[in-house]
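# Secondary and tertiary structure notes
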Amino acid sequence: MEKADAQIITNYFHNLTSRQVEQIQDLHDLYACWNQRINVISRKDFENFYIHHVLHSLGIAKIVHFKPGTEIIDVGTGGGFPGIPLAILFPDVRFCLVDSIGKKIHVVREVAEALQLKNVTWEHNRAEKIKRKFDFIISRAVTNLPDFVRLTAHLVRPSGNNELNNG
């Protein structure tokens, strides 16, 4: 993957460390390899990987700046979106990536380990069965919002240390 393809991310996020840039650049080849074996990202859309998947996942970071120690759960993470890109951007924030499909969690584990993301854990489970509490819940296209809130409300820690209320 040419470095220029990942530059769309550095155009929006100017303060990335060299390690973060390297991790962002590595994402494409990791997902291209896994996508050959497991359909993680639509093959029709893979040419738009950085814009439609990585940049889209990082959009929240233009509005919310998570404080170190914040705990976030990515419900229905699929192959790791938005959790993996956000974990790269926020190395002092802990991310738990959850999906009910085991082969997708396998991809998450492999990508997180390849990128040496120490702030990522993963779980093959359904959100409604998780007992832990988190500061924030993130997701991409899991279900309609009222159903999502009903399935995940029990995961929210009552109070936190961020400017934005937990949720």
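Since we're looking at a predicted model, the values are computed, not measured.

## What about the overall build of the protein?
A tally of helices and strands in the protein yields six helices and four strands. Here the C-alpha atoms of the protein give a radius of gyration of 15 Å, agreeing with the 15 Å that 2.2 N^0.38 yields for 167 residues. The burial tally for the protein puts 46% of its 167 residues in the buried class. Restricting to contacts in the protein with at least 6 residues of sequence separation, those with at least 24 account for 68%. Entry remark: accessible area of the protein is about 9000 Å², with carbon and sulfur atoms responsible for 51%. One way to put it: in the protein the 20 positive side-chain charges average out to a point 6 Å from where the 18 negative ones average out.

## Here we look at the layout of surface pockets
Size it by volume and the largest pocket reaches roughly 250 Å³. If you trace the largest pocket, you find 14 residues lining it, with Gly76, Thr77, Gly78, Phe81 and Arg140 closest to the centre.

## Focus on the nonpolar core
Leu27, Tyr31, Ile84 and Phe95 are the most contacted members of the largest nonpolar core, which has 41 residues in total. Elements that contribute at least two residues to this core include exactly helix 1 (3–12), helix 2 (18–37), helix 3 (49–58), helix 4 (83–89), strand 2 (94–99), helix 5 (102–114) and strand 4 (136–138). If we ignore the near neighbours within four places in the chain, the residues touching leucine 27 are Phe49, Tyr50, Val54, Ile84, Ile88, Val111 and Leu115. Of all hydrophobic cores here, the second largest spans 10 residues; its members include Ile73, Val75, Cys96 and Leu155.

## Here's the deal with the packing of helix 2 against helix 5
Two numbers describe how helix 2 lies on helix 5: the axes approach to 11 Å, and their chain directions differ by 150 degrees. In this structure, helix 2 crosses over helix 5, and the sense of that crossing is right-handed. Of the residues in helix 5, those in contact with Leu27, Leu30, Tyr31 and Trp34 of helix 2 are His106, Val107, Glu110, Val111 and Ala114. Here the residues of the contact of helix 2 with helix 5 sort into seven nonpolar, one polar and one charged.

## Observations concerning the side chain of asparagine 162
Tracing the sequence through the fold places asparagine 162 in the segment after helix 6 (145–152). Classification of asparagine 162 by relative accessible area gives buried; the value is 12%. Here the side chain of asparagine 162 touches threonine 70 through a polar contact of 2.8 Å, side chain to side chain.

## Details of the pairing of strand 2
Of all six residues in strand 2, five are buried, a share of seventy percent or more. Here strand 1 (residues 71–75) pairs with strand 2 via five bridges, running parallel. Bridge pairing in strand 2 places isoleucine 73 opposite cysteine 96. By the bridge criterion, five bridges tie strand 2 to strand 3 (residues 120–124) in an arrangement that is parallel. What sits directly across from aspartate 99, in strand 3, is histidine 124. Crossover strand 2 to strand 3 through helix 5 is right-handed.

## Concerning the packing of aromatic side chains
One pass over the full model with this rule turns up seven aromatic pairs. Taking 5.7 Å as the distance between ring centres and 40 degrees as the angle between the ring planes, the aromatic pair formed by tyrosine 31 and phenylalanine 49 counts as tilted. Highlighted residues: tyrosine 31 in helix 2 and phenylalanine 49 in helix 3, separated in sequence by 18 residues. No difference in accessibility class separates tyrosine 31 from phenylalanine 49, as the two residues are buried. The rings of Tyr31, Phe46, Phe49, Tyr50 and Phe81 are connected pair by pair, giving a single aromatic cluster. If you follow arginine 37 out to its NZ or CZ, it ends over the ring of tryptophan 34, 4.1 Å from the centre. Sitting above the plane of the phenylalanine 13 ring, lysine 62 keeps its charged end 4.9 Å from the centroid.

What counts, and at which threshold
- Residues numbered from 1 in each chain as written.
- Predicted model: local features only at pLDDT ≥ 70, side-chain atom pairs only at ≥ 80, totals over all residues.
- Heavy atoms only, no water.
- Helix = DSSP H or I, 4+ residues; strand = E, 2+ residues; numbered from the N terminus.
- Rg over C-alpha atoms; globule rule 2.2 N^0.38 Å.
- Buried < 20%, exposed > 50% of the residue type's maximum accessible area, 1.4 Å probe, protein only.
- Contact = heavy atoms within 4.5 Å.
- Areas by Shrake-Rupley, 256 points an atom, 1.4 Å probe, with all protein chains shown as cover.
- Lys, Arg positive; Asp, Glu negative; His and termini not counted.
- Charge placed at Lys NZ, Arg CZ, Asp CG, Glu CD.
- 1 Å grid on protein atoms, 1.4 Å probe; cavity = no way out; pocket = protein on both sides within 12 Å on 5 of 7 lines; lining within 4 Å.
- Points joined across faces, edges and corners; volume = space filled by probe spheres on them.
- Core = buried A, V, L, I, M, F, W, Y, C linked by side-chain atoms within 4.5 Å.
- Axes fitted to C-alpha atoms, helices over the stretch in contact; angles between N-to-C directions.
- Left-handed = near helix turned anticlockwise from the far one by under 90°.
- Nonpolar A, V, L, I, M, F, W, Y, C, P; charged D, E, K, R; others polar.
- Polar contact = N/O pair within 3.5 Å; in protein donor to acceptor, adjacent residues only side chain to side chain.
- Pairing = 2+ DSSP bridges.
- Right-handed = clockwise from strand over helix to strand, strands pointing away.
- Phe/Tyr/Trp six-rings, centres within 6.5 Å; stacked < 30°, edge-to-face > 60°.
- Lys NZ or Arg CZ within 6 Å of the ring centre and 35° of its normal.

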